[in-house]
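Secondary and tertiary structure notes
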Amino acid sequence: MPIAGEVAIVGGYTTAFGVLHDRSYLDLLAEAAWGAVEDAGIALDEVEAAWLATAEPWTAGLVGDSGAAVAEAIPFAPRPVTRVSNFCTSGMEAVRGAAMAIAAGECQVAIAIGAEKMRDVTPRNSLIAKTAEHTHPTIAKGRTAPGQFALLATRYLHAYGATPEDLALVAVKNHAHATRNPKAHFRHPLTKEQVLSAPRIAEPLGVYDCTPTTDGAAAVVLASRAWAEAHARRHALLEGVGLAVTDGYFANLFRESFDFLGFPSTRQAARLAYSQAGITNPLQEIDVVECHDCFTITEILNTEDLGFALPGEGVELLRAGATTLGGSLPVNVSGGLQACGHPVGATGTRMVVEIFDQVTGAAGPRQVAQARRGLAHTLGGPGVIACVMVIGAP
Amino acid sequence: MGVLRFQRAQSGWFPDLWRLAGSSQVIIGDRSLAPVSAAAAAQWEGMAVASATGWEIERAGNLGAAGLLAMMLLEMPAKGRTKEFAAAASGSVRTFLLEGGPGATAARRRAERVRQGGIDVDRLPTADISGFNPYASQPRYWRELAQDLRLQGVRDAETGEVFFPPVPARGRPVEPFRLQRRGRILTYTRDHVYPLGGPMSMVVVELDGGGRFYGQTAWDFPVEIGMRVRLVPRLLHRGGDLPHYFWKVVAD
């Protein structure tokens, strides 16, 4: 495949994630773009094309509804900009778009920016309101994002004898990791008791089982391998990229074939990425993982779908401490969506920056020792889209 | 206390047709759709116009058209008396014959008591949908009536997999398939943040005969995996001034 091994990440930057009332959508976009360009050690003029990931532009007055926002935020005119949206995989979709253009020879250097301004409206006026007010007039009524994932939590706990305490372990772990991440939305540790006693959102999920509503942006500069070897200060290679789309947003949870115990989209995306990267034993061959922990249950399911544990055994991997920093396969050492938050379009790009830093030894207090190969995974909608990227040191 | 017989339907693009009390002029509610034919307008001459939205009795839930039908039955307590009425909405005019039956007199007395004094039995709490005006579309409403009201889906003739909501037919060997309305709970959640009528459960039901349903419980009752349930029609909301009937789940 043209991308695998031939497209490099040469710079990356993440803004603070949080409730950033003093910074506009364009401010965040600009900060991420300039940060990535400076990290790459190049001038903005050297970037030939841009991809912009913003999934919910209506929360910010539709400013990010097209690539035009980039031409406004930074001096990028008249270069081409594509805005992409694939639910929560959008941030990685932007990286994928830029990578395909580079692999095709359309450009040598491109930038992928993910940006989302979710807190210009209150959390209740954000995705909950969207699902209640703007979606399909009959099929969608009653749904919420936590409600949709809670269905899998209920089924998983029933099928495998896991408990809400197991779910709480994900929140405790990821919030502990985030104490080392100055960019995370929440940076203080949580106890299991706090997670279990928090108000319920969609049972069995409570407040601390859910990602918060967050502003933020992240950007990645990509280049061809040849350019990277000649010019980059540091670089990592995209060794495998898989995108899988399995069903419609509203239809998925009606499907007879859906077992509520995992996501076929992740399994397929991982299959593609592993095949391109030559990975046959992911648990051994991957050193660090950022995966889509929008809810605590989702991280457990992801570890199974990504092949790190057999069905039903993701919870054992978690209980054993394997996925904690210092364990055999650290997962979400950034704090994940649980603690960083989830500015939807920015999340995937943030993950790519994190793995880029990990495999180039630049992750500071979160560095996983001797990390050479990492994986980033996002899951879109109620799990109908998944993107997996394997990123490795050259 | 009565029998409702379907007579006939005439389809076409009928936008909102209003005829105000005391006037013989038919007013078109939405001029963006096709113009009303003379034949269509003529059907309305001499017919009383009533709205289902006038029929709310405190604590009785969302009666919708049920209250309107009850009023019509109450006006003809004698058995054998009939009344023809038409319902015009969502692209067609459907004509029905309503025939009074035994028990209408007793029902009338009770209905009058309820109208005057309010509901006289304990009711289970239902969602307060007053003021809920979500996205709605008249063409979509008309196009998906069978899906919404009859749970009409499709079934893959080769694999047997049932698709509800139905998928476009091209590219898959699908045939029409109507969901049954009883089944067993596969999974559920009790949702506290959906901004209407909560907390209430969302359940996924494995339906007898194939297919799945994912929707709200009619009220907040305890649910568990494996429980037998059935689907009942309910009024979800009146977005765009259209009564959106769909299905909810109750214990069987």
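It should be emphasised that the depicted structure is a prediction, and the values quoted were computed from it without experimental measurement.

When helices and strands are counted, chain A shows 14 helices and 11 strands. Burial statistics for chain A: of 394 residues in total, 64% are counted as buried. Within chain A, counting contacts between residues at least 6 apart in sequence, those at least 24 apart form 80% of the total. As presented, chain A carries roughly 12,700 Å² of accessible surface, and 53% of it is formed by carbon and sulfur atoms.

Once that is clear, we can look at the environment of Gly61 of chain A. Along the chain, Gly61 of chain A falls in the loop between strand S2 (49-53) and helix H2 (68-73). Between the C-alpha atoms of Gly61 of chain A and Lys117 of chain A, which are 56 residues apart in sequence, the distance is 9.7 Å.

It is worth spelling out the nonpolar core at this point. Leu222 and Leu238 of chain A together with Phe213 of chain B are the most contacted members of the largest nonpolar core, which totals 120 residues. With residues up to four places along the chain from it excluded, the contact list for Phe213 of chain B reads Phe254 of chain A together with Leu151, Val203, Val204, Val205, Leu207, Leu231, Phe246, Trp247 and Val249 of chain B. Counting 35 residues, the second largest nonpolar core, distinct from the first, contains Leu20, Ala32, Ile42 and Val70 of chain A.

The next subject is the side chain of Thr266 of chain A. Residue and element names in this part refer to chain A. Here Thr266 lies in helix H9 (residues 264-277). Relative accessible area serves as the criterion here: at 0%, Thr266 is assigned to the buried category. Polar contacts involving the side chain of Thr266 include one to the side chain of His377, which spans 3.0 Å.

Attention now moves to the pattern of salt bridges. All told, the structure shown has 29 salt bridges over all chains when counted by the stated rule. Across the salt bridge formed by Arg190 of chain B and Glu203 of chain A, the nearest N and O atoms sit 3.1 Å from each other. Residue Arg190 of chain B is located in strand S9 (residues 182-191), and its partner Glu203 of chain A is located in the loop between strand S5 (200-202) and strand S6 (205-206); the two belong to separate chains. For Arg190 of chain B, a relative accessible area of 26% gives the class partly exposed. Taking relative accessible area as the criterion, Glu203 of chain A reaches 26% and is therefore assigned partly exposed. Note that Arg255 of chain A is salt-bridged to Asp247 of chain A, the shortest N-O span being 2.9 Å. Among the residues examined, Arg255 of chain A registers a relative accessible area of 4% and is labelled buried. Three or more residues are tied together by salt bridges with common partners; here these are Glu6, Arg225 and Glu229 of chain A.

This part covers the interface of chain A and chain B. Counting from both sides, the interface comprises 34 residues of chain A and, opposite them, 40 residues of chain B. For the pairing of chain A and chain B, the buried interface totals around 3,300 Å² over both sides, and the portion due to carbon and sulfur atoms is 60%. Of all residues in chain A, Thr138, Phe254 and Glu256 of chain A bury the most surface against chain B, accounting for 21% of the area lost on that side. In this assembly, chain A and chain B are joined by one salt bridge. Put simply, chain A and chain B have 21 residue pairs in polar contact (both at pLDDT 80 or more) between them. Put simply, the parts of the chain that give the side of chain A that touches chain B at least two residues each are helix H4 (127-133), helix H5 (145-160) and S5 of chain A. If one sorts the elements of the side of chain A that touches chain B by residue count, H5 of chain A sits on top with eight residues. Here the residues of the side of chain A that touches chain B sort into 14 nonpolar, 11 polar and nine charged.

Before going further, it helps to spend a moment on the sheet that holds strand S9 (residues 288-290) of chain A. Residue and element names in this part refer to chain A. In space, the nine strands of this open sheet follow the order S3-S2-S4-S7-S1-S8-S11-S10-S9, with mixed pairing throughout. One side of each edge strand has no neighbouring strand; the edge strands of this open sheet are strand S3 (81-84) and S9. For this sheet the average axis-to-axis angle between neighbouring strands, irrespective of direction, equals 25 degrees. Where strand S4 (residues 109-116) lies against strand S7 (residues 216-224), eight bridges are found, and the strand directions are antiparallel. Following the sheet pairing, Ile111 is matched in S7 by Val221. Its contacts with the sheet place helix H3 (residues 90-103) against strand S1 (7-14), S2, S3, S4, S7, strand S8 (236-245), strand S10 (373-380) and strand S11 (385-392), and it is angled at close to 160 degrees to S2.

Residues and elements named next belong to chain B. Read from one edge to the other, the open sheet built from three strands follows the order S7-S6-S8, with strand pairing classed as antiparallel. Where the open sheet ends on each side, the last strands, each with one partner, are strand S7 (162-163) and strand S8 (174-178). Sheet topology places strand S6 (residues 152-156) next to S7; two bridges connect them, and they run antiparallel. The partner of Arg155 across the bridge, within S7, is Val162.

Criteria and cut-off values
- One numbering rule holds for all chains: residues counted from 1, following each sequence as written.
- Labels are handed out in written order, letters beginning with A for the chains and numbers beginning with 1 for the ligands.
- Local features in a predicted model are, by the rule used here, given only for residues with pLDDT of at least 70; side-chain atom pairs are given and counted only at 80 or more, and totals for whole chains, interfaces and linings are based on all residues.
- Calculation of side-chain values draws on the structure's entire complement of heavy atoms; hydrogens and water are dropped beforehand.
- A run of H or I in DSSP becomes a helix once it reaches four residues, and a run of E becomes a strand once it reaches two; helices and strands are each numbered from the N terminus.
- Working definition: with a 1.4 Å probe on protein chains only, accessible area under 20% of the residue-type maximum means buried, over 50% means exposed, and in between means partly exposed.
- In what follows, a contact means two residues having at least one pair of non-hydrogen atoms within 4.5 Å.
- Here the open area of atoms and residues is found with the Shrake-Rupley method and a 1.4 Å probe, where only the protein chains shown may cover a residue.
- Residues belong to a common nonpolar core when they are buried Ala, Val, Leu, Ile, Met, Phe, Trp, Tyr or Cys residues joined through side-chain atoms within 4.5 Å.
- Any N or O atom pair separated by 3.5 Å or less is treated as a polar contact, with the protein-specific requirement of one donor-capable and one acceptor-capable atom, and with residues adjacent in sequence counted only for side-chain atom pairs.
- When a carboxyl oxygen of Asp or Glu is within 4 Å of a side-chain nitrogen of Lys or Arg, the pair counts as a salt bridge.
- Values labelled buried area give the accessible surface lost by two parts on being combined, using a 1.4 Å probe and summing over both.
- The classification used treats Ala, Val, Leu, Ile, Met, Phe, Trp, Tyr, Cys and Pro as nonpolar, Asp, Glu, Lys and Arg as charged, and all other residues, Gly among them, as polar.
- Following DSSP output, two strands are said to pair if at least two bridges run between them.
- To obtain each axis, a line is fitted to C-alpha atoms, and for helices this fit is confined to the stretch in contact; angles are then taken between N-to-C directions over 0 to 180 degrees.

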